[in-house]
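# Structural overview
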Amino acid sequence: MTFFLDRLATLIRPPSDLASKFDWIAIENQLGHKLPWDYKQIVEMYGPGVFDDFLWILQPSNVNPNIDLCRQSSEQLNALRTLREGGEEVPFELNIGDEQLAPWAVTDNGDICYWVRSSSHDPDQWIVTVNDSREPLWMTLPFTTAEFLYKILSRNLRLDIFPEDFPSHSPRFTEN
């Protein structure tokens, strides 16, 4: 699992002065589920900020409510429930306490990256799905968090959901 973390850190160097540590047990208790190990490593390596001015990793206990992991988890799942009630097809279970999805990243366009929790009982095996903010389009990919980030940011994977100019040819991370 460290392969894609190492590749990501080589592609986009984490801020050198950052050494964030979190009480992951308390955060997971608040969310009601465990979190993938590679996500925790990414959050601790990079901290709050944005990849290539477009992709924001949700952060635990962040002062910015737009990227706060716990707040966005609740808000995004409630938004999906509302869309489903309005007739939009959402291909995942959203019953409270039995959700198949957990958000972990957002884009400047409002697209949401989720983990598909139903893909495994082990959060380190969860795969990624991305929901287009402009239409009911979902793209599910058999990648872990770090693998998805590396493949997207290295331009080895292109998603129609994301703009053509993302990522740039020299992707970077900007601290926030």
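Everything here concerns the structure above.
In this report, we go over the structure that sits alongside the text. (Residues numbered from 1 in each chain as written. Predicted model: local features only at pLDDT ≥ 70, side-chain atom pairs only at ≥ 80, totals over all residues. Heavy atoms only, no water.)

### Focus on the overall build of the protein chain
Looking only at helices and strands, one finds 5 helices and 7 strands in the protein chain. Scanning the protein chain from its N terminus toward the C terminus, one meets helices and strands in the order α-α-α-β-β-α-β-β-β-β-α-β. On C-alpha atoms alone, the protein chain measures out to a radius of gyration of 15 Å, which is about the 16 Å that the 2.2 N^0.38 rule sets for 176 residues. Seen through its C-alpha atoms, the protein chain measures out along the principal axes to roughly 45 × 40 × 30 Å. Taken across its 176 residues, the protein chain has 50% of its residues classed as buried. When the accessible surface of the protein chain is summed, it comes to about 8800 Å², and 47% of that surface belongs to carbon and sulfur atoms. One way to put it: in the protein chain the 14 positive side-chain charges average out to a point 4 Å from where the 27 negative ones average out. (Helix = DSSP H or I, 4+ residues; strand = E, 2+ residues; numbered from the N terminus. Rg over C-alpha atoms; globule rule 2.2 N^0.38 Å. Buried < 20%, exposed > 50% of the residue type's maximum accessible area, 1.4 Å probe, protein only. Areas by Shrake-Rupley, 256 points an atom, 1.4 Å probe, with all protein chains shown as cover. Lys, Arg positive; Asp, Glu negative; His and termini not counted. Charge placed at Lys NZ, Arg CZ, Asp CG, Glu CD.)

### Focus on the packing of helix H1 (residues 2-11) against helix H5 (residues 145-153)
For any two helices packed against each other, the geometry comes down to the angle between their axes and how far apart the axes lie. In contact at an axis separation of 8 Å, H1 and H5 are set at 35° when each is read in the N-to-C sense. Between H1 and H5 lies a crossing whose hand is left-handed. Of H5, the residues touching H1 (which contributes Phe4, Leu5, Arg7, Leu8 and Leu11) are Ala146, Glu147, Leu149, Tyr150, Lys151 and Leu153. (Axes fitted to C-alpha atoms, helices over the stretch in contact; angles between N-to-C directions. Left-handed = near helix turned anticlockwise from the far one by under 90°. Contact = heavy atoms within 4.5 Å.)

### With respect to unusual backbone geometry
For residues besides glycine, phi is generally negative; the peptide bonds are generally trans as well. Residue Pro167 is bonded to the preceding Phe166 through a cis peptide linkage, with omega at -5°. In this structure, Pro167 sits in the loop between H5 and strand E7 (173-175). Although it is not a glycine, Asp52 sits at a positive phi angle of roughly 50°. Structurally, Asp52 can be placed in the loop between strand E1 (49-51) and strand E2 (55-57). Owing to a relative accessible area of 8%, Asp52 belongs among the buried residues under this scheme.

### Structural notes on the pairing of strand E6 (residues 138-141)
With 4 bridges connecting them, strand E5 (residues 127-131) and E6 associate as antiparallel partners. Bridged to Asn131 within E6 is Trp138. Connecting E5 to the next strand, E6, in antiparallel fashion are 6 residues. (Pairing = 2+ DSSP bridges.)

### Let's talk about the pattern of salt bridges
Following the criterion strictly, the structure yields 9 salt bridges and no others. For the salt bridge of Asp53 with Arg172, the shortest nitrogen-to-oxygen distance reads 2.3 Å. Of this pair, Asp53 sits in the loop between E1 and E2 while Arg172 sits in the loop between H5 and E7, and the two are 119 residues apart along the sequence. On the basis of relative accessibility, which here comes to 40%, the residue Asp53 falls in the partly exposed class. Of the residues examined, Arg172 reaches a relative accessible area of 38% and is grouped as partly exposed. (Salt bridge = Lys/Arg side-chain N within 4 Å of Asp/Glu carboxyl O.)

### Describing the nonpolar core
Grouped together as the largest cluster of nonpolar side chains are 55 residues, with contacts concentrated most on Leu101, Trp104, Phe148, Leu149 and Phe162. Considering each element in turn, this core owes the most residues, 6 residues, to H5. In this structure, Leu101 is in contact with Leu77, Leu80, Phe92, Leu94, Tyr114, Trp115, Val116, Arg117, Thr129 and Trp138, ignoring residues within four places of it in sequence. (Core = buried A, V, L, I, M, F, W, Y, C linked by side-chain atoms within 4.5 Å.)

### Focus on the sheet that holds E5
Ordered in space as E6-E5-E4-E3-E2-E1-E7, the 7 strands form an open sheet in which the pairing is antiparallel. Each edge of the open sheet is held by one strand with a lone partner, namely E6 and E7. Pairwise comparison of adjacent strand axes, ignoring direction, gives a mean angle of 30° for this sheet. The strands touched by helix H4 (residues 69-85) are strand E3 (101-107), strand E4 (112-116), E5 and E6; relative to E3, the strand with the most contacts, the crossing angle is about 105°.

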